[in-house]
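If you want the building blocks of each chain, they are given just below.
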Amino acid sequence: MRRNMRRSARKAGLPPGSLVHTGEPSGEATCLRLVTYDDEHCTKRTIRHLPDLDKINRGEPVAWLSVVGVQDPAVLDRVGTVFGLHPLVLEDIMNIAERPKVEDFGDYIFVLLKLPGYDDEQDEITSDQVCLVLGPTWVVSFQEHEETAIESIRERIQAGTGRFRQMGADYLAYALIDMLVDQYFVVLEQIEDDTERYEDLVVEDPSPEVLQDIHKLKNAMIALRKSVWPVRDVLGFLERGETPLVQEKTQVYLRDVYDHTIQIIDTIETFRDIQSGLIDIYLSSVSNRLNEVMKVLTIIATVFMPLSFLAGVYGMNFKTLPELGWRYGYAMFWGVVVLATVLMLRFFRRKQWI
Amino acid sequence: MRRNMRRSARKAGLPPGSLVHTGEPSGEATCLRLVTYDDEHCTKRTIRHLPDLDKINRGEPVAWLSVVGVQDPAVLDRVGTVFGLHPLVLEDIMNIAERPKVEDFGDYIFVLLKLPGYDDEQDEITSDQVCLVLGPTWVVSFQEHEETAIESIRERIQAGTGRFRQMGADYLAYALIDMLVDQYFVVLEQIEDDTERYEDLVVEDPSPEVLQDIHKLKNAMIALRKSVWPVRDVLGFLERGETPLVQEKTQVYLRDVYDHTIQIIDTIETFRDIQSGLIDIYLSSVSNRLNEVMKVLTIIATVFMPLSFLAGVYGMNFKTLPELGWRYGYAMFWGVVVLATVLMLRFFRRKQWI
Amino acid sequence: MRRNMRRSARKAGLPPGSLVHTGEPSGEATCLRLVTYDDEHCTKRTIRHLPDLDKINRGEPVAWLSVVGVQDPAVLDRVGTVFGLHPLVLEDIMNIAERPKVEDFGDYIFVLLKLPGYDDEQDEITSDQVCLVLGPTWVVSFQEHEETAIESIRERIQAGTGRFRQMGADYLAYALIDMLVDQYFVVLEQIEDDTERYEDLVVEDPSPEVLQDIHKLKNAMIALRKSVWPVRDVLGFLERGETPLVQEKTQVYLRDVYDHTIQIIDTIETFRDIQSGLIDIYLSSVSNRLNEVMKVLTIIATVFMPLSFLAGVYGMNFKTLPELGWRYGYAMFWGVVVLATVLMLRFFRRKQWI
Amino acid sequence: MRRNMRRSARKAGLPPGSLVHTGEPSGEATCLRLVTYDDEHCTKRTIRHLPDLDKINRGEPVAWLSVVGVQDPAVLDRVGTVFGLHPLVLEDIMNIAERPKVEDFGDYIFVLLKLPGYDDEQDEITSDQVCLVLGPTWVVSFQEHEETAIESIRERIQAGTGRFRQMGADYLAYALIDMLVDQYFVVLEQIEDDTERYEDLVVEDPSPEVLQDIHKLKNAMIALRKSVWPVRDVLGFLERGETPLVQEKTQVYLRDVYDHTIQIIDTIETFRDIQSGLIDIYLSSVSNRLNEVMKVLTIIATVFMPLSFLAGVYGMNFKTLPELGWRYGYAMFWGVVVLATVLMLRFFRRKQWI
Amino acid sequence: MRRNMRRSARKAGLPPGSLVHTGEPSGEATCLRLVTYDDEHCTKRTIRHLPDLDKINRGEPVAWLSVVGVQDPAVLDRVGTVFGLHPLVLEDIMNIAERPKVEDFGDYIFVLLKLPGYDDEQDEITSDQVCLVLGPTWVVSFQEHEETAIESIRERIQAGTGRFRQMGADYLAYALIDMLVDQYFVVLEQIEDDTERYEDLVVEDPSPEVLQDIHKLKNAMIALRKSVWPVRDVLGFLERGETPLVQEKTQVYLRDVYDHTIQIIDTIETFRDIQSGLIDIYLSSVSNRLNEVMKVLTIIATVFMPLSFLAGVYGMNFKTLPELGWRYGYAMFWGVVVLATVLMLRFFRRKQWI
């Protein structure tokens, strides 16, 4: 989350609409893959030369161009020209700090989403930006890195499983969005495991490090919530059928994904409440530990201070100290010591300190 | 709540629309019961063979097919075909982690609700999913387990009590929803009893375990609230009469259930406030205990430290220590001790420490 | 508030629309009083036999039937038949756990409100349910117990004071609602007195019992707010003039009551903030008390520990301990003791501990 | 704020629409001043006899009747008759506990506002009620006490400065409202000064009295916010131009005042956040003071307990205690004492306690 | 933020519409710069004499008059006359305490924004006011001080880079707004650096000063949020295309800036959550330090109190104290001391105190 902000600051001062990649350079080359299919045929190929882009026949039933790697302005520019994308769309695709959003340009819809991940080491949410442009018969997807989940959709189309081959480009867009939203459940499950680990720790070993870790978890939940809230708006827009690019029979599927985002938001809220509870329990454990320590101190002091006083009394050098001469004086002293100790301990037991 | 989330993660990566049961396998076989009735007749039978489903006469005044057990895709698929249900509806029925919702498919309305329960041992909310599909003259209900409450509705229809026989399928749907919402009151009552049990405990025995238990209760309230909020939207939709499937004379009943959900939400908020108050009192009790301990320590130290010093003085070996030779030196020593103790105790009493 | 919830649970499982009284049996018999009036005449009588109900001439300018006691289903049923009330209205009247609400049945409006009270002993809000049914020329009011405030309205009508005799049934309904809303101010004043009592107590005697009492007050505010919020919606509905049963010249009066409910809600929020502040001050007082105790302990220990050490030194039995033989050794010892004590006390004064 | 509530309780039980003054009797007589002006002339006179009211020519370009003192029902009644005011308007004017509000009666608009003040002694917000009735060519203002700010507007009209003489009655109403809203800035500045005074105090002298004072400030902010929120709605109504009584060229001025109320609300929120921060810092200071005290105690105890033990050892009367006979035994004892003390102090320094 | 409030109080009591500068006098003279351009030509000049203002040809494709310094009423008045600005607009420009806002005057749109800055020393947000007036073919900008960022836009226009020369005055206004919004990212990055610096400090050195600093940061976030929220409304208004002065092709750019403000608000919320977490950790660190101190005290007391008692026992002067005469009495004493110490330390280790 923070890293993202930094990138936006990097752009401050530049003229608007400049194509500047704001992520960290990955070194990987941009890779373009094209899949075209109708209910009978399906072809798949990799585009190696930019001029080949112009040959894409967008009249085919459904064409899916997948762009992996968004660091090369030249490639983006060419794709933008071929599909008639607005310069600001290209700018948003390169600026990987954008929030999820949907924009309706009439001829096409631009959808910007995040593929969430969870870095176990740092207790931090990672997120790769995935952009979709949905036209009447085509989808162009832009992603930072190669993702297995997206690859699996390509395989399913080729294999002809699912409803892909019977439906249009909007169903393909739906399938990609559905896959991205499902990743949130995976991340939530990891966070749940992490949270559970702290449930005992806050009672048994309430160190400041534990508190810092819980706060990291909480910050991760905040980042996740920030990332999923706009997704809800995106899906709300698509599901309401305000654009002719999404057919009615696809809307019911999008409504389903919409419900899932609501469920994700619900779960995130629940986790935040649980984590706040953990912090409460942590603070209470620290207080209880102090109580424990103080009880030990008080018991020791309460037992030994009067006894020490007594020993001090019989260590005095008064000439006329009668007990010193008694035959069983010393034995009586110990008798008093034992008696006093027993009474004290009883008192502590009644106070439930021991 | 958490368990539910896990199930959704299990589905991540699967193609959308796959019929996968996400609950734990129960081992029970799916059971289908059919009740058909009009104001004069009422028949009830159990359907044992799937092909019998096709023979259901949906033209009868009111037909209620109750499906208990949602683990068998074959059964669901057949029911879906007979009643013309959308694949996503069937998927939602099997995915028991869905949120309560209502969906209007024109020919029929799909209502997904929860039957809440309360696990006293774990202080956790349990919830079984119950789905209703309301058509013009029929209702199909899907539930995970056999439920007594639903059985009682069937008996009332048979016995002809209530208004069932004079009203249509929408009234039957209302009666089922009303029964589900009433269960929230039962759960709330159990939670109230649990909450009251802690009211004394937080003052008398504020251990971290008590705090953890209150937090469990609070988490249960969160889960309950999450579960009842969407029910309110479901009833709001039905009650507003936006669908011709719900007649006007049934709307007034649904408005009544709607009011009950509002009341449930109100009560949940009240409980949460009370539980937050309990945590405050708990923390304050812990602080007060510390104060108690410290007062004992301070009293002991304040009384015996000066006295020990005095005893130490007369234990010194100075050659020229006049008091040691005095006749009533030792008696005077004790006099000073008693006097000092009395003064100290008075001081503590004035400070209200004892 | 809680008691109410319990009553609703008692109804769970019953067929909807059953006339079951959910309050505690009061033992009082139901009492029906009829007042009819126009700008010239006013008659008042008590209806002792149910059949007399049928003779009520609802064509008179304004007729007010007041039903005290809602435990007898037979009476309610009869009243319902005479005035043509929906079964659910009767059910709501008997179920005294309902939230305030308004329902427009076209021919008549059903208004359910609460008469709030404050139980000083338990710091709890009590509330009696009062229902009004407003028809074109008549009002039927239902209440659990005889209330002085309602009686005073009857007297004013008879005496011809106020605007009753010049206005219609809607003005009568307004007067009843206004009277109920005014009771909230009375309750708020009592709570204010209670709150003020704790303002000094939290500083002077911060015991856990005080905290529990403040939390009870806070819970009472929550209950009160829950009870007054829906009243606002009720009045908003009536004041907007969405029903022909409320004339335009009465709307301006209802707007006035509406403003009062807003003012009540404002005051409740203010009280809650003040009570939260009290809890803060309470917790701070507890901490300060601990500081006080610890300062006493530290002062005592800091003064007497070095002195005791010194006395211990001169109690040692070293053969070669020169000071013991000095002529003014003992006097010097006391000199050192006094000097050390004075220095210590100065140190404490500089630290502002004494 | 509280005082106000009390006054409303005083009215509970009275028939609605009774003209009862709910403020404290001020003893001042009601005073009526009339200013009439157009772009050329301006007359100003005091009305001493009620019958003179009837002679007011409301056809003059702009007439402003200012009523100071709202305790005399006879005067209000007469003014109400002359200007055709609704009885509830008069009741609102006398009931000085009302919230700011605007009511459109068609022929005239009734605006009720507050003139805020700040009582430095009690840290409390005071507020005088000011009512305006805006007709097509006249304004009647009602206020509890003579106010300098209102007097200054009268002088400006007479002097012909500002735009008064070129504009209508609505501009006069605007000028009065603008003057009232500006007073909030004055009050906020006073509160800011008070808040700043506590910023050092919470660190240097965190006594419970300081906390109580901050809470009083916070309560004052709450009261102020309650008082300014409805003003925003009032101005929103006027500025939207929903009434023909406010001309379009005056709306732009009202929009300006509207912006000021938003700014006031913003500032109040900021102050509340700052005051909450002060409470946090206060609590932390108290904790730090405890730490300070405990460190002193621990240092003293840690240094002198082992030393006292050592002195105790050489005070023992064992026959065979070799060190006692050593020549430099006593010197060695002191050597050990000094060494131990130095080591202890180093340990504390490493722990950053001293 | 506070300083601003003060300035508004300074204006209270003045007649509305007075041109009074509420900022601190800067001493700089007002400076006017005019840039006019179309797609082929671009001229730039500084206006030194007010009468030259009248010669501005507003018919040129795009004219940008930039006014630096808003303290001279005469200049503002003249600019207002030339461009036909409403007196209240001029007043808003001079009153530098206004909130960001947009006002549509039909012929022109008035936009008031802030250029945020961050004062590292005081941890305070600074903000300079920047006003834009957008007419059909011209933009007038008002700013308090010369700003590099604005200068860079002028240079870009002159150089013909960017889309300025092809677009109208609305695009110029967009570019100016975009530049202002980008500054928020710069400020956020500085605050982020500051926040990170405290992450370790709260655990390692939790002094009240650290807490005060974090609260200052938090207050800065509050100020920043207050300043950016209305910017969102401003952009929402412009982006919705409710005015013909903003062309459709510029709207898509404004939507982009709108998204950035949302992102800024998101980031601010995240930072506030992180800072709240820091305060939690701080408080927990203070508690842990107290625990540390108390453990040391308890260990010392627990070890030495029993030992001192034992030494006291053998310092007693009983005639019949057998151990004193034993041959290895003294050795045994030390044996007991060592044994007791070892046992104690083991006990502490088991309790995880050392």
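Residues numbered from 1 in each chain as written. Chains lettered and ligands numbered in written order. Predicted model: local features only at pLDDT ≥ 70, side-chain atom pairs only at ≥ 80, totals over all residues. Heavy atoms only, no water.

1. Quick word on the packing of helix H4 (residues 148–159) of chain A against helix H5 (residues 169–204) of chain A
To characterise two packed helices, one gives the angle between the axes of the helices and the distance between these axes. Residue and element names in this part refer to chain A. Direction vectors running N to C along H4 and H5 enclose 145°, while the axes themselves pass 10 Å from each other. Crossing geometry of H4 relative to H5 is assigned as right-handed. Contacts from Ala149, Ile150, Ile153 and Ile157 of H4 reach H5 at Leu172, Ala175, Leu176, Met179 and Gln183. (Axes fitted to C-alpha atoms, helices over the stretch in contact; angles between N-to-C directions. Helix = DSSP H or I, 4+ residues; strand = E, 2+ residues; numbered from the N terminus. Left-handed = near helix turned anticlockwise from the far one by under 90°. Contact = heavy atoms within 4.5 Å.)

2. Observations concerning the arrangement of the chains
There is no contact between chain A and chain D; across them, the least C-alpha separation is 9 Å. Nothing in chain C touches chain E; the tightest C-alpha to C-alpha distance between them is still 9 Å.

3. Some points on the side chain of His260 of chain C
By the secondary structure assignment, His260 of chain C is in helix H7 (residues 248–313). In this structure His260 of chain C touches Asp178, Val181 and Phe185 of chain C together with Glu98 of chain D, once residues within four positions along its chain are discounted.

4. A few points about the sheet that holds strand E3 (residues 62–68) of chain B
Residue and element names in this part refer to chain B. The seven strands lie next to each other as E2-E1-E3-E7-E6-E5-E4, forming an open sheet whose pairing is mixed. Strands at the two margins of the open sheet, each flanked by one partner only, are strand E2 (42–47) and strand E4 (101–104). Each adjacent strand pair in this sheet contributes to an overall mean axis angle of 15°, direction not counted. One ladder, built from five bridges, connects strand E6 (residues 124–134) with strand E7 (residues 138–143); its direction is antiparallel. Pairing of Val130 across the sheet is with Gln143, part of E7. Together, strand E1 (31–37), E3, strand E5 (109–119), E6 and E7 form the strand contacts of helix H5 (residues 169–204), whose direction differs from that of E5 by roughly 25°. (Pairing = 2+ DSSP bridges.)

5. Here we look at the relation of the copies chain A and chain E
Once chain A is rotated about the relating axis by 72° and shifted along it by 0.0 Å, it coincides with chain E to within an RMSD of 0.1 Å. In the structure described here, the two chain copies are related by an operation that fits a five-fold rotation axis. No C-alpha of chain A approaches the rotation axis more nearly than that of Gly315 of chain A, which lies at 4.8 Å. (Least-squares fit on C-alpha atoms with pLDDT ≥ 70 in both.)

6. Brief notes about the interface of chain A and chain E
With 65 residues of chain A at the interface, the matching set in chain E holds 62 residues. For the chain A and chain E pair, buried surface summed over both sides reaches about 5700 Å², with 62% attributable to carbon and sulfur atoms. In this structure, Arg255 of chain E engages Glu103 of chain A in a salt bridge whose closest nitrogen and oxygen atoms are separated by 3.3 Å. The interface formed by chain A and chain E includes 14 residue pairs in polar contact (both at pLDDT 80 or more). Mapped by element, the contributors of at least two residues to the side of chain A that touches chain E are helix H1 (2–11), helix H3 (87–94), strand E4 (101–104), helix H6 (208–239), helix H7 (248–313) and helix H8 (329–350) of chain A. In terms of residue count, the dominant contributor to the side of chain A that touches chain E is H7 of chain A (19 residues). For the side of chain A that touches chain E, the class distribution of residues is 38 nonpolar, twelve polar and 15 charged. (Buried area = accessible area lost by both parts, 1.4 Å probe. Salt bridge = Lys/Arg side-chain N within 4 Å of Asp/Glu carboxyl O. Polar contact = N/O pair within 3.5 Å; in protein donor to acceptor, adjacent residues only side chain to side chain. Nonpolar A, V, L, I, M, F, W, Y, C, P; charged D, E, K, R; others polar.)

7. Digging into the environment of Phe309 of chain A
Counting through the fold element by element, Phe309 of chain A comes out in helix H7. Considering only alpha carbons, one finds Phe309 of chain A and Gln352 of chain A, 43 residues apart in sequence, at a separation of 26 Å.

8. So, the relation of the copies chain B and chain A
If you rotate chain B by 72° and push it 0.0 Å along the axis, it lands on chain A with an RMSD of 0.1 Å. An overlap of only 17% is found between the interface residues of chain B and their copies at the interface of chain A, pointing to separate contact surfaces.

9. Some words on the pattern of salt bridges
Residue and element names in this part refer to chain A. This model, assessed by the stated rule, comprises 72 salt bridges over all chains. One salt bridge connects Arg197 with Asp194, and the closest N-O pair in it is separated by 3.3 Å. Taken as a pair, Arg197 and Asp194 lie in helix H5 at a separation of three residues, close to a single helical turn. Judged by its relative accessible area of 4%, Asp194 is buried. (Buried < 20%, exposed > 50% of the residue type's maximum accessible area, 1.4 Å probe, protein only.)

10. Focus: unusual backbone geometry
All names here are of chain A. Positioned with a positive phi, Gln352 is a non-glycine residue whose angle comes to about 60°. Structurally, the position occupied by Gln352 is in the segment after H8. Assessed through its relative accessible area of 55%, Gln352 is described here as exposed.

11. Topic: the interface of chain B and chain A
Size of an interface, as often reported, equals the accessible area lost when the parts are brought together. Counting residues at the interface gives 65 residues for chain B and 62 residues for chain A. Summed over both partners, the interface of chain B with chain A buries about 5700 Å², with 62% contributed by carbon and sulfur atoms. Put simply, chain B and chain A have five salt bridges between them. With a shortest N-O distance of 3.8 Å, Asp256 of chain A and Lys101 of chain B are connected by a salt bridge. The interface formed by chain B and chain A holds 15 residue pairs in polar contact (both at pLDDT 80 or more) in total. Going through the elements one at a time, helix H1 (2–11), helix H3 (87–94), E4, helix H6 (208–239), helix H7 (248–313) and helix H8 (329–350) of chain B are the ones with two or more residues in the side of chain B that touches chain A. With 19 residues, H7 of chain B is the largest single contributor of residues to the side of chain B that touches chain A. For the side of chain B that touches chain A, the class distribution of residues is 38 nonpolar, twelve polar and 15 charged.

12. Structural notes on the packing of aromatic side chains
Per the counting criterion, the structure on display carries 85 aromatic pairs over all chains. Seen from their ring centres, Phe83 of chain A and Trp138 of chain A are 4.7 Å apart, and the 55° between their planes marks the pair as tilted. On the criterion of sequence distance, the pair formed by Phe83 of chain A in helix H2 (residues 73–83) and Trp138 of chain A in strand E7 (residues 138–143) is long-range, its members being 55 residues apart. Centre to centre, the rings of Tyr171 of chain D and Tyr253 of chain D are 5.4 Å apart; their planes meet at 90°, and the pair counts as edge-to-face. Within this pair, whereas Tyr171 of chain D is found in helix H5 (residues 169–204), its partner Tyr253 of chain D is found in helix H7 (residues 248–313), the two being separated by 82 residues in sequence. According to the relative accessible area criterion, Tyr171 of chain D is buried, its value standing at 2%. Seen from the ring of Phe105 of chain E, Arg255 of chain D lies directly overhead, with NZ or CZ sitting 5.6 Å from the centre. Seen from the ring of Trp64 of chain E, Arg154 of chain E lies directly overhead, with NZ or CZ sitting 5.0 Å from the centre. (Phe/Tyr/Trp six-rings, centres within 6.5 Å; stacked < 30°, edge-to-face > 60°. Lys NZ or Arg CZ within 6 Å of the ring centre and 35° of its normal.)

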